[in-house]
Protein chains: 2
Amino acid sequence: MYDTQILSRIAEVAEKKTSIPAYPESVQRVLSAVQQSSAYWDIVSQAEEPVPLTAEILNLLRQEGLIQVEEEMFFLTGEGVAFCKENHIRFSGVRACPFCEGRALDIQPYSDTLEAFEEIVKQRPPALQAYDQGFVTPRTTVARVAHMDFRGDLRGKALLILGDDDLVSVAAGISSLPSHICLIEVDSRLTSFVRSVSREYHLKIEVVEQDLRQPLPSFLLGRFDTFEMDPVESRKGFELFLQRGLGGLKGPRKAGYFGLTRLESSLDKWWDFQQVLLKNRAVITDIYPGFNQYALWDYHSQTRAARLAPVPQMPKNIWYTSYWFRIETLKGFQPTNVPFTEPKEVLYADEESSTT
Amino acid sequence: MYDTQILSRIAEVAEKKTSIPAYPESVQRVLSAVQQSSAYWDIVSQAEEPVPLTAEILNLLRQEGLIQVEEEMFFLTGEGVAFCKENHIRFSGVRACPFCEGRALDIQPYSDTLEAFEEIVKQRPPALQAYDQGFVTPRTTVARVAHMDFRGDLRGKALLILGDDDLVSVAAGISSLPSHICLIEVDSRLTSFVRSVSREYHLKIEVVEQDLRQPLPSFLLGRFDTFEMDPVESRKGFELFLQRGLGGLKGPRKAGYFGLTRLESSLDKWWDFQQVLLKNRAVITDIYPGFNQYALWDYHSQTRAARLAPVPQMPKNIWYTSYWFRIETLKGFQPTNVPFTEPKEVLYADEESSTT
């Protein structure tokens, strides 16, 4: 009855237009998302495809008459409803655990840390587009620290943080559990803020103001049990961040934590990231979808994501989330420590990115 | 004050004795576990190292005078307490979310399925050592089905199950959400049980009695959206199960689900597993530690794990857990479908296995 080739055709056109790998399943994901929500940014969030791809697929589905826009909201047309039914395109009946918000942890032991942290971050500097900033909610930051503790990588351990608009260094400092905390950060607003908080609350955070494109200073090489970062998601950017994190570790069986999104990176790019991890003798031990929830950020309207949006809506709810990874190093692990010499643009943006 | 080389020395000896990769961190993990629990099987569970390695490390720590055994329970000696303090070896203050048991899902929508499933499994055949069986708790089985739904891989989808002492086929059948369910299983007790349950409850499960060492029958090749399995954890065994699962999938961007333990497999072996996944153009999207909880099984006393135990205790609590993986296939994905021609022993056991 219906032309099921339509999914392949839309995927093909969308891939050509965006240069992002697209599949019939990408189109299905967008159709599922429209069944769950009508607001653009919620659809983007639920589809879990790179933002430019979801935007393009929505445009194409509209041209094909499967969805329509009314007062800036997206709905299936009658034809769209029939098409989804015919092709078994439905949405999930399960949601994340409401108690832990899908993070699988009981962060109750960290409730005092969370309370103190929420007070401190009222004074934080706003997120800056120039550094691809955009911070997670306070609860997310504290959950990251709790997760490191859960996995035995926090108490009595030396913790290296690479870039920290999320202020993990501060939350870890409040917990007073690590033996040592070191933050490397390029943004002087953040280094000043963390230094002043560290002084005021006696958190003993070592702050090094440095661009990660430079090699790690030798006094930080091989000194840490655990690193944490929220890397930029170009292939080169991820590899650079990872090299710096691994360079800080004492050796094998030490842990690294980082976030990766589906909204800036296709699963094809994730595959490349995972190759880089294995190549560096790191094994993936944990991946929690939706662990990191990002607060709405001030420069949203200046992003490519906003420019690509088919409707001029601003996000009303948290829409940008990322997966939370834990890795461990193994025998044979040998990090490098060389400068990044390519142009800065290569680091921050690629065809899949849209919020940098 | 204390000889910190002791951790390296114990790791070295333990590795030599067991042929399993061991690290100073492996020894630390066992010392952490002894601080949390005194019962042998709980220590094994918390240490998250291959069972034969934990057993050996406990023996060596005892010889070194850092732990002692009293009435079959393990404790740090005074020297052990001082050593752990000196070397910052502590245990976590965080536990898994009690609401979802660390599975990150709200399985409330599946409570009717769980209730019906618990009734049905009262008649299930007991786990058989010959097939490396040992089933998860009913709540775990239903959580697997809920997780597939959460990730959009169940409703209206064709589901292939490879080996099923966990009876995922039955739970998925009760949910009545998949468009098709097919089970491949070698054990005629299980195929009979699933067939009779399927008939009685109108679950429409297709049951194929076949050894996975044989290629997939052509009528199952490329037919499914999703596969599920609990593979044996030898390198060859994992690769075989994976080939059969991938062979059943329709193409790229289809999903696979499986469990992997830390108790039968070192992280070094995990690295090999992850290489095999990437080589097959599959990307890892989810890894939930501790998702799968295994019910105690009847043949425990006949296992290598039981023979290696330094004390003759039987497990009292659930101690055997595994991580739950989700993968997705990508462009370039090309499964093979060839028979497994090596001896059967290669499939089930290696130096790290102990419960097969």
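Please refer to the structure higher up on the page.
An account of the accompanying structure is given in this report. The structure displayed is predicted, hence computed values, not measured ones. (Residues numbered from 1 in each chain as written. Chains lettered and ligands numbered in written order. Predicted model: local features only at pLDDT ≥ 70, side-chain atom pairs only at ≥ 80, totals over all residues. Heavy atoms only, no water.)

Scanning chain A from N- to C-terminus turns up 13 helices and 11 strands. Taking 2.2 N^0.38 as the reference for a compact globule, 356 residues should give roughly 21 Å; the C-alpha atoms of chain A span a radius of gyration of 21 Å, in line with that estimate. Oriented by its inertia axes, the alpha-carbon framework of chain A measures out at about 65 × 40 × 35 Å. For chain A, the proportion of its 356 residues judged to be buried stands at 63%. The contacts of chain A with a sequence gap of at least 6 include a subset with a gap of at least 24, amounting to 75%. Counting 38 positive and 48 negative side-chain charges, chain A places the averaged centre of each group 5 Å from the other. (Helix = DSSP H or I, 4+ residues; strand = E, 2+ residues; numbered from the N terminus. Rg over C-alpha atoms; globule rule 2.2 N^0.38 Å. Buried < 20%, exposed > 50% of the residue type's maximum accessible area, 1.4 Å probe, protein only. Contact = heavy atoms within 4.5 Å. Lys, Arg positive; Asp, Glu negative; His and termini not counted. Charge placed at Lys NZ, Arg CZ, Asp CG, Glu CD.)

Turning our attention to the interface of chain B and chain A. Taken residue by residue, the interface counts 60 residues in chain B and 60 residues in chain A. Contact between chain B and chain A buries roughly 5,400 Å² in total, counting both sides, with carbon and sulfur atoms accounting for 55%. It is Val94(B), Arg253(B) and Trp271(B) in chain B that bury the most area against chain A; as a group they hold 14% of the surface buried on that side. Counting the contacts that link chain B with chain A gives 12 salt bridges. Across the pair Arg151(A) and Glu48(B) runs a salt bridge, and its minimum N-O distance is 3.5 Å. In this structure, the connection of chain B to chain A is made through 28 residue pairs in polar contact (both at pLDDT 80 or more). When residues in the side of chain B that touches chain A are grouped by element, the largest group, 8 residues, is from strand β10 (residues 282-293) of chain B. Looking at the side of chain B that touches chain A, its residues break down into 30 nonpolar, 10 polar and 20 charged. Where strand β3 (residues 95-96) of chain A lies against strand β4 (residues 105-106) of chain B, 2 bridges are found, and the strand directions are antiparallel. Looking at the pairing, Arg95(A) lines up with Asp106(B) of β4(B). (Buried area = accessible area lost by both parts, 1.4 Å probe. Salt bridge = Lys/Arg side-chain N within 4 Å of Asp/Glu carboxyl O. Polar contact = N/O pair within 3.5 Å; in protein donor to acceptor, adjacent residues only side chain to side chain. Nonpolar A, V, L, I, M, F, W, Y, C, P; charged D, E, K, R; others polar. Pairing = 2+ DSSP bridges.)

This paragraph deals with helix α2 (residues 24-36) of chain B. Helical periodicity: at 3.6 residues per turn, an α-helix aligns residues three or four positions apart in one direction. All names here are of chain B. Relative to the 18 Å expected for 13 residues at 1.5 Å per residue, α2 spans 19 Å between its end C-alpha atoms, a close match to the ideal helical length. In terms of burial, α2 is a largely internal element, 10 of the 13 residues being buried. Taken residue by residue, α2 has Glu 25, Ser 26, Val 27, Gln 28, Arg 29, Val 30, Leu 31, Ser 32, Ala 33 and Val 34 as its buried positions. (Expected span 1.5 Å × (residues − 1).)

Let's shift gears to the pairing of strand β11 (residues 321-329) of chain B. Residue and element names in this part refer to chain B. Of all 9 residues making up β11, 9 are buried, and the element is well covered by its neighbours. With 6 bridges joining them, strand β9 (residues 255-260) and β11 adopt antiparallel strand pairing. Its bridge partner being in β11, Ala 255 is matched across the sheet by Glu 328. Pairing of β10 with β11, which is carried by 8 bridges, proceeds in the antiparallel orientation. When the sheet's bridge partners are listed, Asn 292 is paired in β11 with Ser 322.

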